[in-house]
Amino acid sequence: VHALVRGLGVADARLDWPNDLVVRGAKLAGVLAESRALEPAHCVIGIGLDVAQRVFPEELVRERAVTSLALEG
C-alpha cells in the first residue's frame, strides 16, 4: 500500500508503526490482522485505504487527523 500510494504521487506518505500509513500526520490507510485459535489456525487481514472521501465524520476527526487520496490530489 505504501509503494502504491507513493507511486500515485503522495510523496509524503510514510509508515506509522505498527499498522498505519500517514501523510503529514493524517491517517490515510491502516492494516488490521486478527487471528483465531481454531484448528487449523486462521488469520484475517484487512486493509483500509481512504480513496475518494473528502468529508469525514466529526467523531473520527476529533479522534485523529485523517486524509484521503482525493484530498492529497
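Up top you'll find the structure we're talking about.
To keep things clear, this report deals only with the structure shown in the data block. Every value quoted in this text rests on a predicted model; they were computed, and no experiment measured them.

1. What to know about the overall build of the chain
When helices and strands are tallied, the chain shows 2 helices and 4 strands. Overall, the chain shows an N-to-C arrangement of helices and strands of α-β-β-β-β-α. Each principal axis of the C-alpha distribution contributes one length, and for the chain these read about 45 × 30 × 20 Å. Residues classed as buried in the chain amount to 22% of the 73 residues present. A sequence separation of at least 24 residues applies to 26% of the contacts in the chain between residues at least 6 apart. Split by element, the accessible area of the chain, about 5,300 Å² in all, is 57% carbon and sulfur. Taken as two groups, the 8 positive and 10 negative side-chain charges of the chain have centres that lie 5 Å from each other.

2. Re the nonpolar core
Counting residues in each nonpolar core, the largest one holds 8 residues, listed as Val-5, Val-10, Ala-13, Leu-21, Val-23, Leu-28, Ala-29 and Leu-69. If near-sequence neighbours (up to four positions away) are discounted, Val-23 is found in contact with Val-10, Asp-12, Ala-13, Leu-28, Thr-67 and Glu-72.

3. A few points about the pattern of salt bridges
Here the structure, examined in full by the defined rule, presents 5 salt bridges. Between Arg-24 and Asp-12 there is a salt bridge, with the nearest N and O atoms lying 3.0 Å from each other. Residue Arg-24 is located in the loop between strand S2 (20–23) and strand S3 (26–36), and its partner Asp-12 is located in the loop between helix H1 (2–7) and strand S1 (13–16); the two are separated by 12 residues in the primary sequence. Note that Asp-20 and Lys-27 form a salt bridge whose closest N and O atoms lie 3.3 Å from each other. Since its relative accessible area comes to 10%, Asp-20 is described here as buried.

4. Quick notes on a nonpolar patch on the surface
A cluster of nonpolar side chains, contributed by Val-1, Val-31, Ile-45 and Ile-47, occupies part of the molecular surface with about 360 Å² of accessible area. With respect to the element layout, Ile-45 can be found in strand S4 (residues 42–49). Assessed through its relative accessible area of 59%, Ile-45 is described here as exposed.

5. A few points about the pairing of S2
Side chains Asp-20 and Val-22 of S2 all project onto a buried face; the interleaved residues Leu-21 and Val-23 project onto the opposite face, where all are buried too. What sits between the antiparallel neighbours S1 and S2 is a turn of 3 residues. Of the pairings in the sheet, the one linking S2 to S3 comprises 4 bridges and is antiparallel in character. Each residue of the ladder has a partner; that of Val-23, found in S3, is Ala-26. Counted along the chain from S2 to the antiparallel partner S3, the turn is 2 residues long, and its residue Arg-24 has a positive phi close to 50°.

6. What to know about unusual backbone geometry
With omega at 10°, the peptide bond leading from Trp-17 into Pro-18 counts as cis. On the secondary structure map, Pro-18 appears in the loop between S1 and S2. The phi torsion at Arg-24 lies on the positive side, around 50°, for a residue other than glycine.

Criteria and thresholds
- Residues numbered from 1 in each chain as written.
- Predicted model: local features only at pLDDT ≥ 70, side-chain atom pairs only at ≥ 80, totals over all residues.
- Heavy atoms only, no water.
- Helix = DSSP H or I, 4+ residues; strand = E, 2+ residues; numbered from the N terminus.
- Buried < 20%, exposed > 50% of the residue type's maximum accessible area, 1.4 Å probe, protein only.
- Contact = heavy atoms within 4.5 Å.
- Areas by Shrake-Rupley, 256 points an atom, 1.4 Å probe, with all protein chains shown as cover.
- Lys, Arg positive; Asp, Glu negative; His and termini not counted.
- Charge placed at Lys NZ, Arg CZ, Asp CG, Glu CD.
- Core = buried A, V, L, I, M, F, W, Y, C linked by side-chain atoms within 4.5 Å.
- Salt bridge = Lys/Arg side-chain N within 4 Å of Asp/Glu carboxyl O.
- Patch = residues over 30% accessible without salt bridge, like charges linked within 9 Å, V, L, I, M, F, W, Y side chains within 5 Å.
- Pairing = 2+ DSSP bridges.

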